[in-house]
Amino acid sequence: MRHQQPHPLLLSVIVFFICASIAHAQMDALKDLYQRAINAYGKQQYDQAIALFGQIVKVAPTFAPAYNGMALANQAASGDENKTIEYLKTAISYDPKLVQAYDNLGRIYYGRQDVDHAQEYFEKALKLDPNLASAQLSLAWINLLARSRPLTALKYFKEVAAVEHDPKIYFGMGSAYFASNQRTQALEMITKLHELQEEDMASRLEDSMRQNAQVNTQTGADANGNPATTPAGLGPLPATEDKPTGIKVHLSGKLSDY
């Protein structure tokens, strides 16, 4: 008895659904890997996070957020900083709109005291996300300290102050007001800092105004007792319970987009 062959269209439909099922299962596996990588990063298990992000890019080599994640984990683990930069630039090459990668590159270059490259990447981040507070704050300090442009710095400080209420922002604004000879406004920032019981920052602004000297913008000291080189409010954000390294990895877009 002759067996009837399935219609070609039916075969195509069957193949399509089989392929779709495999693709869906693979996507679910990648999402699980990505979530595990984020969780490992959040628990400060950086080697594990790097390994998991690495598994993702083997399967989805153009998935830019995984490279950004590897960069952050490598940096947090005190890995080779050139490798961190390489990961971030790879992320940007696959996704030129990945804001976090530009912002992270800006932070690294500022830490290297390469202000020109730091400013370049912070500005690129702001072009993609005009409300990115971390880039605004970084550019505020760069313009105040490295460029001697207090009015430009004030513009950025004010943009951040509209949505954030960190005392370091008011300290920065007070410094910029003082540097641009706007003493009344600088006094208002001192009052604000007193209200927030930030006596150290308030007293530094007061002393500078009294002595007509440049504001001491450095905070704390390094392990050797030398003054810190990073001004208040610039660089990685302070660690919190949910962000132990000061930076939290976010899923940017969908795996299916890459």
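Our structure is the block above this text.
Calculation notes
- Residues numbered from 1 in each chain as written.
- Predicted model: local features only at pLDDT ≥ 70, side-chain atom pairs only at ≥ 80, totals over all residues.
- Heavy atoms only, no water.
- Axes fitted to C-alpha atoms, helices over the stretch in contact; angles between N-to-C directions.
- Helix = DSSP H or I, 4+ residues; strand = E, 2+ residues; numbered from the N terminus.
- Parallel < 35°, antiparallel > 145°, perpendicular 65-115°, else oblique.
- Left-handed = near helix turned anticlockwise from the far one by under 90°.
- Contact = heavy atoms within 4.5 Å.
- Nonpolar A, V, L, I, M, F, W, Y, C, P; charged D, E, K, R; others polar.
- Expected span 1.5 Å × (residues − 1).
- Buried < 20%, exposed > 50% of the residue type's maximum accessible area, 1.4 Å probe, protein only.
- Salt bridge = Lys/Arg side-chain N within 4 Å of Asp/Glu carboxyl O.
- Phe/Tyr/Trp six-rings, centres within 6.5 Å; stacked < 30°, edge-to-face > 60°.
- Lys NZ or Arg CZ within 6 Å of the ring centre and 35° of its normal.

Caption draft 1: Quick look at the packing of helix α5 (residues 99-111) against helix α6 (residues 115-128). Where α5 contacts α6, the axes come no closer than 7 Å and their chain directions differ by 160°. As judged from the angle between their axes, α5 and α6 are roughly antiparallel. You can see that α5 and α6 cross each other, and the crossing is left-handed. Only His117, Ala118, Tyr121, Phe122, Lys124, Ala125 and Leu128 of α6 make contact with α5, whose side of the interface consists of Val99, Tyr102, Asp103, Leu105, Gly106, Arg107, Tyr109 and Tyr110. Within the contact of α5 with α6, the residues separate by chemical class into ten nonpolar, two polar and three charged.

Caption draft 2: Inspection of helix α3 (residues 64-76) at higher detail. Here α3 is 13 residues long and its end C-alpha atoms lie 19 Å apart, about the 18 Å a rise of 1.5 Å per residue gives. Within α3, eleven of the 13 residues are buried, which leaves it mostly tucked inside the rest of the structure. For α3, the complete set of buried residues consists of Ala64, Pro65, Ala66, Tyr67, Asn68, Gly69, Met70, Ala71, Leu72, Ala73 and Asn74. Positive phi shows up at serine 78, right after α3, with a value of about 60°.

Caption draft 3: Quick peek at the packing of helix α7 (residues 133-146) against helix α9 (residues 167-179). Interhelical geometry of α7 versus α9 gives an angle of 30° and a closest axis separation of 11 Å. When the axes of α7 and α9 are compared, the pair comes out roughly parallel. Regarding α7 and α9, the two cross each other, and that crossing is left-handed. Between α7 and α9, the contacting residues are Leu137, Trp141 and Leu144 on the first element and Lys168, Ile169, Phe171, Gly172, Ser175, Ala176 and Ala179 on the second.

Caption draft 4: Expanded view of the pattern of salt bridges. A full pass over the atoms with the stated rule returns ten salt bridges. Salt-bridge contacts for arginine 147 lead to aspartate 116; the nearest nitrogen and oxygen are separated by 2.7 Å. Of the two residues, arginine 147 sits in the loop between α7 and α8 (150-161) while aspartate 116 sits in helix α6, which places them 31 residues apart along the sequence. Lysine 155 serves as the salt-bridge partner of glutamate 159, at 3.8 Å between the closest nitrogen and oxygen.

Caption draft 5: Representation of unusual backbone geometry within the structure. Non-glycine residue glutamine 44 carries a positive phi angle of around 65°. Tracing the chain through its elements places glutamine 44 in the loop between α1 (8-42) and α2 (46-59). Assessed through its relative accessible area of 46%, glutamine 44 is described here as partly exposed.

Caption draft 6: Broad picture of the packing of aromatic side chains. Summed over the entire model, instances satisfying the criterion amount to eight aromatic pairs. Ring centres of tyrosine 34 and phenylalanine 63 lie 5.2 Å apart, and the angle between their planes is 75°; on these two criteria the pair is classed as edge-to-face. In this pair, tyrosine 34 is assigned in helix α1 and phenylalanine 63 in the loop between α2 and α3, connecting sequence segments 29 residues apart. Phenylalanine 63 carries the same exposure label as tyrosine 34, and that label is buried. For the ring pair tryptophan 141 and phenylalanine 157, a centre distance of 5.3 Å and an interplane angle of 90° mean the geometry is edge-to-face. With tryptophan 141 in helix α7 and phenylalanine 157 in helix α8, this pair connects stretches of sequence that are 16 residues apart. Residue classification places phenylalanine 157 among the buried residues on the basis of a relative accessible area of 0%. Taken together, the aromatic side chains of Tyr34, Phe53 and Phe63 make up a single cluster linked through ring pairs. Here the basic side chain of lysine 155 rests over the ring of tyrosine 156, its NZ or CZ set 3.9 Å away from the ring centre.

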